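# Overview (structure and organization)
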Amino acid sequence: MRILVINGPNINMLGIREPGIYGKNTYADLCELIEGYAAEKGIEVKLFQSNHEGSIVDEIQAAYGNFDGIVINPAAYTHTSVAILDALKSVALPAVEIHISDVSKREDFRQISYAGMACEKSFIGLGFEGYLRGIDYLIER
Ligand code: DQA
């Protein structure tokens, strides 16, 4: 089984950005956690992070025929990007939405999730654990 894990803008700044909201662990720590978990579960993962909407769209399109599922934290693009929503719908791979913070308790502009409309499941506000829960969901599915 091959899972693509996509992280959007500013996720590379974890550990530096707003530690009160996102914690003190870095993006490298997140990658290590996910890679270790995938090895434990005997699956393949590819980790991709970009600050650019079009690059995320390209990566989703390239997943077609190459991956069995997508775990995605589109970060700020969650709340703005119809392009990412359409890309997820285009490839029609099972997708899971992740948010480190509990967006439901944050600003009004974070209450809409376009990407979430193409995802089977969302894990929100569970910190890094959400990514592992997303991987579990795709494995069990
Ligand atoms: C986030 C929540 C988004 O609203 C925000 O723009 C992010 C990170 C999260 O993981 O909690 O960059 O997706």
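Residues numbered from 1 in each chain as written. Predicted model: local features only at pLDDT ≥ 70, side-chain atom pairs only at ≥ 80, totals over all residues. Heavy atoms only, no water.

## Re the confidence of the model for the chain
When pLDDT is averaged along the chain, the result is 98; 100% of the residues meet or exceed 70. Mean pLDDT across the elements of the chain ranges from a minimum in helix α1 (residues 19-22), with 97, to a maximum in strand β3 (residues 69-73), with 99. (pLDDT = per-residue confidence, 0-100. Helix = DSSP H or I, 4+ residues; strand = E, 2+ residues; numbered from the N terminus.)

## Side note on the packing of aromatic side chains
Evaluated as defined, the whole model comprises 0 aromatic pairs. The residue whose ring lies beneath Arg2 is Phe67, and the NZ or CZ to ring-centre distance is 4.5 Å. (Phe/Tyr/Trp six-rings, centres within 6.5 Å; stacked < 30°, edge-to-face > 60°. Lys NZ or Arg CZ within 6 Å of the ring centre and 35° of its normal.)

## Things to note about the environment of Glu59
Relative to the elements of secondary structure, Glu59 occurs in helix α3 (residues 53-63). Residue Glu59 is classed as buried on the basis of its relative accessible area of 12%. When the C-alpha atoms of Glu59 and Ala87 are compared, they prove to be 9.3 Å apart, with 28 residues separating the residues in sequence. Setting aside residues no more than four positions away along its own chain, Glu59 makes contact with Leu4, Ile6, Lys46 and Phe48. (Buried < 20%, exposed > 50% of the residue type's maximum accessible area, 1.4 Å probe, protein only. Contact = heavy atoms within 4.5 Å.)

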